[in-house]
Structures are given as structure tokens and as C-alpha cells.
Amino acid sequence: MICRPWPPPTIWSEKKTINGHRFPFNLLFRPIHRPFTPVNQSADNRGQTIEMENNSAAKPRVLCLHGYRTSGEILKKQIFGAWSEKVTSKLDLVFLDGPNPARGKSEAEGFCDPPYYEWYHANEGFTEYYHFEECISYIEDYMIKHGPFDGLLGFSQGALLSAAFPGMQLNGVALTGVPNIKFVILVSGAIFGGLKLFGSPKLAANAFSSPIRCSSLHIIGEMDFLKEKGIELLDSFVEPTVIHHPKGHIVPRLDEKNMEIMLGFIEKIEKLQ
């Protein structure tokens, strides 16, 4: 895997008009106009999962879900390129590829080599979701076979999934075969249904109907087009921990203040072991 400098300055600049409103579209949302059948594959036999080889017996074990039309390898590059060893050495990070090969151009092209993956799809108006149930089953199957995992980390589209999982698990519609998620780390996250023009997958319809007591760290960019939706997501979690940074829709570097917040959160979740 070769990655050039990431992200490019213009990677988040594309916009699209929906119902008279203009939104930036990037690694989070790329509509398709019809459903398709995913390739019949599993995390077991595809060989695209990257697990960190280290002594992780006492570390929180984290399943990491990448952004739209990227990959586990690219998220690994984003995290290890932005966060110092003071952070990464304290977590056992496992990176999983989405179940569906990318359908169309990835914004990562020219910066990181393929393959690229997607977690699920939606129609052009984001009122219908395709292969969401299969995505949930795919992730749960991996967690059963390769767990246990203590928590989830998600970026962009992966953060939407990670944010919804604790509520879906509480409602008994997802991750019923694995231990309760103890924490989530959400980078450029949002809430399903929080974007007023868009709907929510059926399984996630009630994911935020009750306060989520799972420990949570929310990383919100001042220039991120999802900033307001990330702030809205905070109301769904009990006592969320928040890192604010001045950049956009990226995995940010951590300044001294945010490093202190990050390490404090890791210390908190270590006690959940």
C-alpha cells in the first residue's frame, strides 16, 4: 500500500444540491441509483484485514471502521500519520475493510492505492439504504470470530456506524452475539436521521431514542461540513468527551491540549477492562 500526501487540499470541495440545499459530498456520502448485489466474500477469506502485531493483552481492543470508498489500510495510514505513539501504543487497533467493493471513483485515488470499499449504499435522496443489514451482519460475524473487542473507532461513514451500534445493540437488533460495546471513538461523526433531508436505515431507526451510556470520544473539526451534525450527536451520549480541532473532514493531529484529552479518555476506558 502506497499513500501520497493525505488528504489533498481540494478533496472535500465537491458540492451537490439536494432539494434546494447544497452539501459537500466526500468520503461519507456517494449515492448510487440502484441496488446491487455485493461480491460474496467474508472478512475471514478475503485477507484484507490488518491486525496490529503487538503485545496487546492489557490494551483496549478497538475495531476500526474506515471512511467512504477507502479501506482499513487507508484508515491505518490516516491514524498512524496523525496520532503519536503516545496514543497508538496504548490501543490494540484492528482495521477492517467494508464488505462492498467501491462502486465508482474514490477520492483517495491518486493518493492511496486501491482496493477501496464501502460499508453500505443509499439512493440519490438518501431515503433508502441498501445492504445495511448485510453490513451489520458482516461486522458482527467478524467480531464473533476475531473478538472480543472492547470498543469501536470510526471515521466519517465508519463513524456513523460506530455511533449507532451501542443503541442498536441495546435494542437487540445488532451485535447480539458479542459483548456490549464499552466505548466509541468518533472522528467526523454524525447521527443517522440527523441530516434533516435524509432518512435512517430501519435497523438504526431507534438507535438514538434513549440516552447512550457508552463512553464516547467525539473528534469535531471546525471546518468539517459535518461539524453541526457532530455537535448534534453529542446530545445522544451521556457525558461525552470532546476534542475540537481547527481542520476539516480529516483525522487530525493532536495539539498539546487535545493530546491531554485523548490520553485522559484512554485512561478512562482502560479502567473498563
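Residues numbered from 1 in each chain as written. Predicted model: local features only at pLDDT ≥ 70, side-chain atom pairs only at ≥ 80, totals over all residues. Heavy atoms only, no water.

Draft legend 1. The arrangement of the layout of surface pockets in detail. Looking at the second largest pocket, its volume works out to about 230 Å³. What lines the second largest pocket is a set of 15 residues, and nearest its centre among them are Pro-166, Gly-167, Leu-170, Ile-212 and Arg-213. (1 Å grid on protein atoms, 1.4 Å probe; cavity = no way out; pocket = protein on both sides within 12 Å on 5 of 7 lines; lining within 4 Å. Points joined across faces, edges and corners; volume = space filled by probe spheres on them.)

Draft legend 2. The pairing of strand β4 (residues 61–65), seen in detail. By the criterion of burial, β4 is predominantly enclosed, with five of the five residues buried. The alternating pattern of β4 places Arg-61, Leu-63 and Leu-65 and Val-62 and Cys-64 on opposite faces, both of which are buried. Alignment of β4 against strand β5 (residues 92–96), held across five bridges, turns out to be parallel. Considered in β5, the bridge of Val-62 is made with Leu-93. Relative to strand β10 (residues 151–155), β4 runs parallel, the two sharing four bridges. Counterpart to Cys-64 in the pairing with β10 is Leu-153. (Buried < 20%, exposed > 50% of the residue type's maximum accessible area, 1.4 Å probe, protein only. Helix = DSSP H or I, 4+ residues; strand = E, 2+ residues; numbered from the N terminus. Pairing = 2+ DSSP bridges.)

Draft legend 3. Structural detail: the nonpolar core. Core analysis: the largest hydrophobic core is formed by 41 residues, its most contacted members being Leu-63, Trp-119, Phe-132, Ile-139, Leu-161, Phe-165 and Met-168. For this core, the secondary-structure elements that each account for two or more residues are β4, β5, α4 (132–146), α5 (157–170) and β11 (183–187). Look past the residues within four positions of Ile-139 in its chain and what remains in contact with it is Leu-63, Leu-65, Leu-96, Trp-119, Leu-161 and Phe-165. (Core = buried A, V, L, I, M, F, W, Y, C linked by side-chain atoms within 4.5 Å. Contact = heavy atoms within 4.5 Å.)

Draft legend 4. Quick look at the pattern of salt bridges. With the rule as written, the count across this model stands at six salt bridges. Measuring nitrogen to oxygen at the nearest pair gives 2.7 Å for the salt bridge that ties Glu-118 to Arg-69. Of the two residues, Glu-118 sits in strand β7 (residues 117–118) while Arg-69 sits in the loop between β4 and α2 (72–82), which places them 49 residues apart along the sequence. Residue class for Glu-118 comes out buried when judged on its relative accessible area of 0%. Taking relative accessible area as the criterion, Arg-69 reaches 6% and is therefore assigned buried. Close ionic contact of Glu-222 with Lys-227 constitutes a salt bridge, the shortest N to O distance being 2.7 Å. (Salt bridge = Lys/Arg side-chain N within 4 Å of Asp/Glu carboxyl O.)

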